[in-house]
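Now for the letters of each chain:
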Amino acid sequence: MLPPSRRDFVSLTLSESGSYTDSKQWHRQSCWRIHAFRLILPSLCLCFSDGVVGEHGYDGKQPFVVNLKNEYKSILPEPPSEKKDYRRRGLPVLQNRLQTKTNVSGLLGVENQRLDLNNANKGSEEGKPIISWRGAVIEEEQASDTDTKDTEIQDDPASLAHAESRLEAVREAFRHAWKGYKNFAWGHDELKPISKSHGEWFGLGLTLIDALDTMWILGLKEEFAEAREWVARALSFDKNVDVNLFESTIRILGGLLSTYHLTGDSLFLEKAKDIGSRLMPAFNTASKIPYSDVNIGKGTAHPPQWTSDSTVAEVTSIQLEFRELSRLTGDPKYKLAVMEVMKQVHKLDGKQDGLVPMFINTNNGLFTHQGIYTLGARADSYYEYLLKQWIQGGKTENELLDDYLLAVEGVKKNLLKKSTPSGLTFVGELSHGYFSPKMDHLVCFLPGTLALGAHFGLPADHMELAKQLMETCYQMYAQMETGLSPEIAHFNMHEGSTQDVEVKIADRHNLLRPETVESLFYMYRFTKDKKYQQWGWEILQNFNKYTRVPTGGYTSINNVRDPANPNPRDKMESFFLGETLKYFYLLFSNDPNLISLDKYIFNTEAHPLPIWPQSE
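Residues numbered from 1 in each chain as written. Predicted model: local features only at pLDDT ≥ 70, side-chain atom pairs only at ≥ 80, totals over all residues. Heavy atoms only, no water.

Chemist: Sorry, what's going on with the overall build of the protein here?
Modeler: On a plain count of helices and strands, the protein comes out with 17 helices and 20 strands. Taking all 616 residues of the protein together, the buried fraction comes to 62%. Across the protein, the fraction of contacts at a sequence separation of at least 24, relative to all contacts at a separation of at least 6, is 71%. Split by element, the accessible area of the protein, about 23300 Å² in all, is 50% carbon and sulfur. (Helix = DSSP H or I, 4+ residues; strand = E, 2+ residues; numbered from the N terminus. Buried < 20%, exposed > 50% of the residue type's maximum accessible area, 1.4 Å probe, protein only. Contact = heavy atoms within 4.5 Å. Areas by Shrake-Rupley, 256 points an atom, 1.4 Å probe, with all protein chains shown as cover.)

Below, the structure written as structure tokens:
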């Protein structure tokens, strides 16, 4: 949490301490809260309006100077503003979770204040206080009487404030994470918030680059300005370092291209050209299937030491970025290289009903380790990018669409099952003809991808399947004692089972992943069903309960089944800022034009790239 002198937001608390066990007393207190809120709202709007920004682009010519009062003088383009009006609908009935109410002081220390995100939401509903494992008092949100009614309210002041409070909660979470990164890991790849240090992967400031467009979308002008200054003065790719082709493409190249499109600042395009050209040696293989690792200083590439294989997801999930780089530079070499990969994978043997194996050999270009099919790690984003390339290119590349549609049917035929006792639809895995009820959290990208395809005219049953899988992904959170999903879940299929989800000890960690929040964003954007926002709000609160570090940052945890001691791992992945918080913000926004899904396509690291005009 930033010190008061640096806050550019207002947190309003209308609650009093203590539990509200007397319903009449609760209603009386609610009345004066509503009246007080109506009186204060105009002032709030004035405060919030200071952060509302436009869509003007930065020309890259004027000096980039930061006014510490958060005022800019023709130096920085402003991101899209938030649309304030929306229709309010009732909240769904949510599954209750076991919550610890013991005052436990864990490794992260004790926070003596209530989080701003919980305080900010008291204007329309009151929470039941519980004690988190860090000893911090947290208010658990509960639906009020007005929430449960199936009504639609247009321009209701309380509703507008309710929506804005959730957006501000995301901004506050980002500022808190950014504070930790800035204080303890500035310019390095990852924050280690417990030890107040940093971790290095490529030595290229991954977290900072991954977070650029998030800051822009959230309207965090001061944070964006200081990050841009680092990119301009300190970011250099002329280093003798091996980088992973896939990770550096989706995080660095994708992040720079996205920020260029949102801001119009040529600095980011020039950096994108630099890293893009330095990654090209990866494609210098006999098969044209790229190596996994590139030395961006020496201009050499190689496979991992232990194999000559690359993973299918990695070589087929770099296309959006390199295709866009060719479009911007006018140099076709980038697009030609990545589309050659797609052409070869399209015609390869070894698929099962459109499903692909996890590995491909860089020497002969053939699938290896055949017979294992999953939508989880090492294969997941292959399916995502089939659809997204088709959309990016103006829906003209029919081979991509055909492969995607065939794969969806393959999922239905081979991987889709129901759990007991609740009958949750889940996506398992197939290994040499044997089905495993194992589902990675990574698979939770699928509801959003299916919904996106349905939005662009693909079969309506894709949306129905998306809704079923979205419920399952939510239950992967809701059925855990912390309300946070494990990395891997196993679903019960046996008669007499009492719980749908089981988690092995080695799979109980949570890495702050974005996939479920990503799909919630798509589902809300396309259906306007408020339950998806509510589910996301619940998840955000639980991230704050169990992963927030008082001195700055958020940490992945080892055990989602033990709220008394979730066992922090001391690592904040760059995708928490680049993806998770960005999707939270877009989920809670009611403005369909804030990164319109008819104009932008998100890469697999949540960096929006433009959908090409039909003429291109």
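Chemist: Hey, could you run me through the sheet that holds strand β6 (residues 293-295) in this one?
Modeler: Sheet strands line up and pair through hydrogen bonds in the backbone, either parallel or antiparallel. Taken in spatial order, the three strands make up an open sheet running β5-β6-β7, and their pairing is antiparallel. At either end of the open sheet lies a strand with only one pairing partner, and these are β5 (242-244) and β7 (300-302). Between one strand and the next, the sheet's axes are offset by a mean angle of 30 degrees, whatever the strand orientation. Judged from the three bridges that link them, β6 and β7 form a sheet pairing that is antiparallel. Note that in β7 the partner of D293 across the bridge is H302. On top of the sheet, helix α6 (residues 245-263) reaches β5 and β6; it is set at about 75 degrees to β5, its chief contact. (Pairing = 2+ DSSP bridges. Axes fitted to C-alpha atoms, helices over the stretch in contact; angles between N-to-C directions.)

Chemist: So what exactly am I meant to see when it comes to the packing of aromatic side chains here?
Modeler: Across all of its chains, the model carries 24 aromatic pairs by this definition. Grouping aromatic residues by their ring pairs yields a cluster made of W537, F543, Y554, F576, F584 and F588. (Phe/Tyr/Trp six-rings, centres within 6.5 Å; stacked < 30°, edge-to-face > 60°.)

Chemist: Whenever I open this one, the pattern of salt bridges confuses me. Can you help?
Modeler: Considering all chains together, one arrives at 27 salt bridges under this definition. Notably, a salt bridge pairs R233 with E229, separated by 2.2 Å at the nearest N-O pair. Residue R233 and its partner E229 are located together in helix α5 (residues 221-234), separated by four residues, close to a single helical turn. For R233, a relative accessible area of 72% corresponds to the exposed category. Given the relative accessible area of 22%, E229 is considered partly exposed. E487 is paired through a salt bridge with R513; the nearest N and O atoms lie 2.9 Å apart. Of this pair, E487 sits in the loop between α14 (460-478) and β17 (488-491) while R513 sits in the loop between β18 (501-502) and α15 (515-527), placing them 26 residues apart in sequence. Of the two residues, E487 and R513, neither departs from the other in class, the shared state being buried. Salt bridges linked by common partners bring E164, E168, R171 and R175 together as one network. (Salt bridge = Lys/Arg side-chain N within 4 Å of Asp/Glu carboxyl O.)

Chemist: For this particular structure, what's the right way to read the layout of surface pockets?
Modeler: The probe, sized like a water molecule, is rolled over the atoms to show the empty space still left. The volume enclosed by the largest pocket comes to roughly 920 Å³. Surrounding the largest pocket, 35 residues form its lining, F246, E247, E314, A377 and R378 being those nearest its centre. Contributing elements (two or more residues each) for the lining of the largest pocket: α6, β8 (309-311), α8 (312-315), α11 (380-392), α15 and α17 (574-588). By residue number, the principal contributor to the lining of the largest pocket is α6, which donates four residues. Here the residues of the lining of the largest pocket are counted per class, giving twelve nonpolar, nine polar and 14 charged. (1 Å grid on protein atoms, 1.4 Å probe; cavity = no way out; pocket = protein on both sides within 12 Å on 5 of 7 lines; lining within 4 Å. Points joined across faces, edges and corners; volume = space filled by probe spheres on them. Nonpolar A, V, L, I, M, F, W, Y, C, P; charged D, E, K, R; others polar.)

Chemist: I would appreciate a short explanation of the UniProt feature "active site" (unreviewed entry) in the protein in the present structure.
Modeler: The feature "active site" (unreviewed entry), as given by UniProt, occupies E247, D380, E487 and E515 in the numbering adopted here. The annotated residues named above include E247, D380 and E515 as those lining the largest pocket. Discounting chain neighbours no more than four positions away, the residues touching D380 are A313, L375, L442 and F445. Not counting chain neighbours up to four residues away, the residues in contact with E487 comprise D440, H441, D507, H509, L511 and R513. (UniProt positions renumbered as here; feature names shortened; annotations may be inferred.)

Chemist: Quick question: what am I supposed to make of the confidence of the model for the protein here?
Modeler: Reading predicted coordinates in detail is not appropriate for stretches of low pLDDT. Residues of the protein with pLDDT of at least 70 account for 74%, and the chain-wide mean is 82. Contacts for the low-pLDDT stretch residues 1-154, under 50 throughout, to residues beyond four places or in other chains number 313 contacts. (pLDDT = per-residue confidence, 0-100.)

Chemist: Honestly, the UniProt feature "binding site: Ca(2+)" (unreviewed entry) in the protein in this entry has me stumped. Any pointers?
Modeler: The sites that UniProt annotates as "binding site: Ca(2+)" (unreviewed entry) are T604. Among the secondary structure elements, T604 is positioned in the loop between β19 (600-602) and β20 (608-610). With relative accessibility at 17%, the residue T604 sits in the buried group. Dropping the residues within four chain positions of it, T604 is found in contact with F246, I250, S381, E384, Y385 and E579.

Chemist: Help me understand the nonpolar core, please; the structure alone is not making it clear to me.
Modeler: Among soluble globular proteins, nonpolar side chains are generally buried collectively. By size, the foremost hydrophobic cluster in this structure holds 152 residues, and its most contacted members are L212 and L375. Ranked by the residues each element gives to this core, the list is headed by α14, at ten residues. Apart from residues no more than four positions distant in its own chain, L375 is found in contact with L355, D380, Y383, V411, L415, V427, V443, F445 and L446. (Core = buried A, V, L, I, M, F, W, Y, C linked by side-chain atoms within 4.5 Å.)

Chemist: I keep staring at unusual backbone geometry and nothing clicks. Help me out?
Modeler: For residues that are not glycine, phi is negative in most cases, and the peptide bond is trans in most cases. The omega torsion of the bond from T420 to P421 falls at 10 degrees, within 30 degrees of zero and hence cis. The topology assignment puts P421 in the loop between β12 (416-418) and β13 (425-427). Notably, K196 is not glycine yet its phi reads approximately 55 degrees, a positive angle. Looking at the secondary structure, you find K196 in the loop between β3 (190-192) and β4 (197-199). In the Ramachandran plot, D353 falls in the positive-phi region, its phi being about 55 degrees despite a non-glycine side chain. Of note, D353 is situated in the loop between α10 (333-347) and β9 (359-361). Judged by its relative accessible area of 30%, D353 falls in the partly exposed class.

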